Amino acid sequence: MSNEQDMADEWAAALEESGDTEKGDDITNIALDELTDTSTSISKEEFSRLDSILDIPVTISMEVGRSKINIRNLLQLNQGSVVELDRVAGEPLDVLVNGTLIAHGEVVVVNDKFGIRLTDVISQTERIKKLK
């Protein structure tokens, strides 16, 4: 079993113990349900072809906020400097996959590690519209 799979299993067990998720309500099942939903244009045959790309790694990042500063101020940053962001405290974080917004979430701590609980997932049709 891979290290990533061990970590995923550990997170799932910790979340299940804490009551943050219901059994069987994982992201994989949600994604599969969305892809095989009759309202989408993906047939069962097309979905079976998608199986070959399910193991391709992607970069997922959580964005707390952004700020624009000039180079003069950037060069003056040092340990203890504070950079003001464009978000208010408590506002949801953006979840990006390969730079594309897919969800919003909030920070959680599980077993002394940070994680993110998804609070709003961008629908598949909205994501496709943004690509065009």
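Residues numbered from 1 in each chain as written. Predicted model: local features only at pLDDT ≥ 70, side-chain atom pairs only at ≥ 80, totals over all residues. Heavy atoms only, no water.

Draft legend 1. Representation of the overall build of the protein chain within the structure. If you tally the helices and strands in the protein chain, you get 5 helices and 4 strands. Its helices and strands in sequence order give the protein chain the pattern α-α-α-β-α-β-β-β-α, from N to C terminus. Counting only residues that meet the buried cut, the protein chain has 14% of its 132 residues in that class. In the protein chain, of all internal contacts separated by at least 6 residues, the share reaching a separation of at least 24 is 35%. When the accessible surface of the protein chain is totalled, it reaches about 10900 Å², and 53% of it is carbon and sulfur. (Helix = DSSP H or I, 4+ residues; strand = E, 2+ residues; numbered from the N terminus. Buried < 20%, exposed > 50% of the residue type's maximum accessible area, 1.4 Å probe, protein only. Contact = heavy atoms within 4.5 Å. Areas by Shrake-Rupley, 256 points an atom, 1.4 Å probe, with all protein chains shown as cover.)

Draft legend 2. The arrangement of the sheet that holds strand S3 (residues 100–110) in detail. Taken in spatial order, the 4 strands line up as S1-S2-S3-S4 in an open sheet, and their pairing is antiparallel. Strand pairing shows two members of the sheet lacking a second neighbour, strand S1 (60–63) and strand S4 (113–121), which therefore form its edges. Ignoring strand direction, the axes of neighbouring strands in this sheet form an average angle of 40 degrees. Two elements, S1 and strand S2 (residues 93–97), share 4 bridges in a ladder whose sense is antiparallel. (Pairing = 2+ DSSP bridges. Axes fitted to C-alpha atoms, helices over the stretch in contact; angles between N-to-C directions.)

Draft legend 3. Molecular detail of the environment of Gly99. Position of Gly99 relative to the elements: it lies in the loop between S2 and S3. Between the alpha carbons of Gly99 and Ser61 there is a distance of 7.9 Å; along the sequence they are 38 residues apart.

Draft legend 4. Region of interest: the pairing of S2. A large share of S2 lies buried, amounting to 4 of its 5 residues. Two elements, S2 and S3, share 5 bridges in a ladder whose sense is antiparallel. Of the residues in S3, the one forming a bridge with Leu93 is Gly105. Linking S2 to S3, which pair antiparallel, is a turn of 2 residues; within it Asn98 sits at a positive phi near 50 degrees.

Draft legend 5. Expanded view of the side chain of Asp94. Looking at where Asp94 falls in the secondary structure, it is placed in strand S2. The exposure class assigned to Asp94 is buried, which follows from its relative accessible area of 12%. Discounting chain neighbours no more than four positions away, the residues touching Asp94 are Ser61, Met62, Glu63, Arg87, Leu101, Ala103 and His104.

Draft legend 6. Spatial organisation of the confidence of the model for the protein chain. Averaged over all residues, the pLDDT of the protein chain equals 75, while 63% of them reach at least 70. In the model of the protein chain, helix H2 (residues 27–36) stands out as the element of lowest mean pLDDT, 49, in contrast to helix H4 (residues 71–75), which has the highest, 94. Here residues 20–28 is modelled with pLDDT under 50, and outside its nearest four sequence neighbours on either side it reaches 8 contacts, counting other chains as well. (pLDDT = per-residue confidence, 0-100.)

Draft legend 7. Broad picture of unusual backbone geometry. Phi at Asn98 is positive, roughly 50 degrees, even though this residue is not glycine. With respect to the helices, strands and loops of the structure, Asn98 is situated in the loop between S2 and S3. Phi angles above zero are rare outside glycine, and Asn111 is one such case at about 55 degrees. Note on placement: Asn111 falls in the loop between S3 and S4.

Draft legend 8. Geometry of a nonpolar patch on the surface. Together, Val64, Ile69, Leu74, Leu77, Val83 and Leu85 give the surface a local cluster of nonpolar side chains, amounting to about 470 Å² of exposed area. Tracing the backbone through its elements, the reader meets Val83 in the loop between H4 and S2. (Patch = residues over 30% accessible without salt bridge, like charges linked within 9 Å, V, L, I, M, F, W, Y side chains within 5 Å. Salt bridge = Lys/Arg side-chain N within 4 Å of Asp/Glu carboxyl O.)

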